[in-house]
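# Analysis of the macromolecular model
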Amino acid sequence: MKISTKGRYGLRALIDLAINIDSENVSIKTISERQNISERYLEQIFSLLRKGGIIVGRKGAQGGYILGKNPSELTISEILKVLEGENIFIDINEEEENELENFINKNLWKDINCLISKYFSAITLEDLVNEYKKSKDTIIYYI
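Residues numbered from 1 in each chain as written. Predicted model: local features only at pLDDT ≥ 70, side-chain atom pairs only at ≥ 80, totals over all residues. Heavy atoms only, no water.

## Structural notes on helix α2 (residues 28-35)
What α2 keeps buried is the set I28, I31 and S32. One face of α2 carries all of its buried residues, which in axial projection span an arc of 105°. Those residues of α2 that are buried lie in contact with α1 (5-19), α3 (39-51) and β2 (64-67). Just downstream of α2 lies N36, where phi reads positive at about 55°. (Buried < 20%, exposed > 50% of the residue type's maximum accessible area, 1.4 Å probe, protein only. Helix = DSSP H or I, 4+ residues; strand = E, 2+ residues; numbered from the N terminus. Arc of directions from axis to C-beta. Contact = heavy atoms within 4.5 Å.)

Right, dumping it as structure tokens:
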């Protein structure tokens, strides 16, 4: 299983957007600079996220993007499905002719896909934002 840069960068951009939710609309340029992600690539990612209802774009001088849903309602599974497609885990050929391969598909790969899906469905964007903020609050003392 491998999640592409589209999925990783998209998730990073959404966390950035959620962290800066108080500053109203956030521009792609701002996120691009903060996260060191190509502005053109982010435009492609945001196009998918907009079509998937994850974000909403606002035009005009004060334009930018906001989340389309509350971060507590957005699961990582939902976000990755929009960015990566339905088959983001182990691709299973349902029409495999090999008996042993069919057995492995049904008894291993299908179970792994289910576990990964449940894991990503249990984590929300808000969970990641809170964990990130908590990690930034940790004070380290040097002597």
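## Quick look at the pairing of β2
With 4 bridges connecting them, strand β1 (residues 55-58) and β2 associate as antiparallel partners. Residue pairing for β2: R58 is matched across the bridge by G64. Between β1 and β2, which pair antiparallel in sequence order, lie 5 residues; one of them, G60, sits at a positive phi of approximately 110°. (Pairing = 2+ DSSP bridges.)

## Regarding the packing of aromatic side chains
Overall, the coordinates contain 3 aromatic pairs when judged by the stated rule. Ring geometry for Y9 and Y41: centres 5.8 Å apart, planes at 75°, overall edge-to-face. Of the two residues, Y9 is situated in helix α1 and Y41 in helix α3; the sequence distance between them amounts to 32 residues. Its relative accessible area of 25% is what places Y9 among the partly exposed residues. A relative accessible area of 24% means that Y41 is categorised as partly exposed. Aromatic side chains F46 and Y65 sit 4.9 Å apart centroid to centroid with 90° between the ring planes, which places their arrangement in the edge-to-face category. With F46 in helix α3 and Y65 in strand β2, the pair connects residues that are 19 residues apart, well separated along the chain. Y65 carries the same exposure label as F46, and that label is buried. (Phe/Tyr/Trp six-rings, centres within 6.5 Å; stacked < 30°, edge-to-face > 60°.)

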